[in-house]
Amino acid sequence: MALRALPIVSLCFLLLGIAYLADNSKLPMGSAAKPGAGLFPLWVGVSLLGLSLALFLWSLRTKNISAIDQEPFPVGKDRWRVLAVGASVALFVLLLKPLGYGLCSAALMAAILRSLGLRSWGRILLISLATAAVSFYLFDALLGVPLPRGVFFS
């Protein structure tokens, strides 16, 4: 009997969602008028749990999942795009504490936009800075999630 990947992967995400929600239970939820730091992670965890459970059940009911006539991993230019986004996320994780959220999130957004094909550096800069500012305000000011400020903004 050959193992199918979809039920295994969806089960792994289901377990990850359970662990994520268990860890999130330590954060304050707040109220409807003033949401706490745990509200957004709760939404993410419930969504992850629901979607992975639906995918797991669907994968068990589906007997024949037809093979797609594509490579399992992108080739050529698309492969480099995938690797560039992966490397950008890895750098974001490594540099988040020393450089801070604002700078790292703007750089991550710029790298992703560039690797996805946006060529105008003006637009890339504008979108990256706006995304970093809005997400910082959302998490830091509205939700009260402490974000690393880094050496430049400490």
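The rules behind each value
- Counting starts from 1 at the beginning of each chain's written sequence and moves along it residue by residue.
- Per-residue local features are limited, in this predicted model, to residues with pLDDT of at least 70; the limit for side-chain atom pairs, both in listing and counting, is 80 or more; totals at the level of whole chains, interfaces and linings are taken over all residues.
- Just so you know, side-chain values use all the structure's heavy atoms and leave hydrogens and water out.
- A run of H or I in DSSP counts as a helix once it spans at least four residues, and a run of E counts as a strand once it spans at least two, with each numbered from the N terminus.
- Burial classes: relative accessible area under 20% of the type maximum marks a residue as buried, over 50% as exposed, and values in between as partly exposed (1.4 Å probe, protein chains only).
- The criterion used for residue contact is that any of the two residues' heavy atoms lie within 4.5 Å.
- How far a helix is expected to stretch is found by multiplying one less than its residue total by 1.5 Å.
- Here a Phe, Tyr or Trp ring, Trp counted by its six-membered ring, pairs with any other such ring whose centre lies within 6.5 Å, and the pair is stacked when the planes are under 30 degrees apart, edge-to-face when over 60, and tilted otherwise.
- Nonpolar core, defined: a set of buried Ala, Val, Leu, Ile, Met, Phe, Trp, Tyr and Cys residues in which side-chain atoms within 4.5 Å join the residues together.
- Salt bridges are defined as contacts in which a side-chain nitrogen from Lys or Arg sits within 4 Å of a carboxyl oxygen from Asp or Glu.
- Note on scores: pLDDT gives the predictor's confidence for each residue, bounded by 0 and 100.

A. Structural detail: the overall build of the protein chain. In terms of regular secondary structure, the protein chain is built from six helices and zero strands. Ordered by position in the sequence, the α and β elements of the protein chain form the string α-α-α-α-α-α. The buried share of the protein chain, reckoned over its 154 residues, is 22%. Taking the intrachain contacts of the protein chain between residues at least 6 apart in sequence as the baseline, contacts between residues at least 24 apart amount to 54%.

B. A look at the side chain of serine 115. Here serine 115 shows up in helix α4 (residues 101-115). Owing to a relative accessible area of 13%, serine 115 belongs among the buried residues under this scheme. Look past the residues within four positions of serine 115 in its chain and what remains in contact with it is Arg81, Ala84 and Val85.

C. Expanded view of helix α2 (residues 39-61). Here α2 contains 23 residues, and its C-alpha end-to-end distance of 33 Å stays within 8% of the 33 Å for a straight helix at 1.5 Å per residue. Listing the buried residues of α2 in full gives Pro41, Gly45, Ser52, Phe56 and Ser59. Among the structural elements, α1 (5-24) are those in contact with the buried residues of α2.

D. Local environment of the packing of aromatic side chains. Summed over the entire model, instances satisfying the criterion amount to two aromatic pairs. Taken together, a centroid distance of 5.4 Å and an interplanar angle of 75° make the contact between phenylalanine 40 and phenylalanine 139 edge-to-face. Residue phenylalanine 40 is located in helix α2, and its partner phenylalanine 139 is located in helix α5 (residues 121-142); the two are separated by 99 residues in the primary sequence. Its relative accessible area of 33% is what places phenylalanine 40 among the partly exposed residues.

E. Spotlight on α1. An ideal rise of 1.5 Å per residue puts 28 Å on 20 residues; α1 measures up with 28 Å between its terminal C-alpha atoms. Packed against the buried residues of α1 are α2.

F. Inspection of the nonpolar core at higher detail. One finds Phe92, Tyr101, Cys104, Leu108, Phe139, Leu143 and Leu147 forming the largest nonpolar core, which totals seven residues. Among the elements that take part in this core, α4 stands out by supplying three residues, more than any other. With sequence-adjacent residues up to four places away left out, cysteine 104 is seen in contact with Phe92, Leu95, Leu96 and Leu99.

G. View of the pattern of salt bridges. In the structure shown here, the tally under the stated rule is three salt bridges. Lysine 26 is the salt-bridge partner of aspartate 23, the closest N and O atoms lying 3.1 Å from each other. Take aspartate 23: its relative accessible area is 48%, and that puts it in the partly exposed class. The partner of aspartate 140 in a salt bridge is arginine 149, and the shortest N-O contact between them spans 3.3 Å. Overall, aspartate 140 belongs to the partly exposed group, its relative accessible area being 23%. When its relative accessible area of 39% is taken as the criterion, arginine 149 is described as partly exposed.

H. View of the environment of lysine 77. With respect to the helices and strands, lysine 77 occurs in helix α3 (residues 77-99). Judged by its relative accessible area of 62%, lysine 77 falls in the exposed class. With 38 residues separating them in the primary sequence, lysine 77 and serine 115 have C-alpha atoms 9.9 Å apart.

I. Looking closely at the environment of leucine 60. Looking at where leucine 60 falls in the secondary structure, it is placed in helix α2. A relative accessible area of 44% places leucine 60 in the partly exposed class.

J. Main features of the confidence of the model for the protein chain. A residue-level look at the protein chain finds 90% of positions with pLDDT of 70 or above and a mean pLDDT of 85. Within the protein chain, the lowest mean pLDDT, 76, falls on helix α6 (residues 150-153), and the highest, 94, falls on α4.

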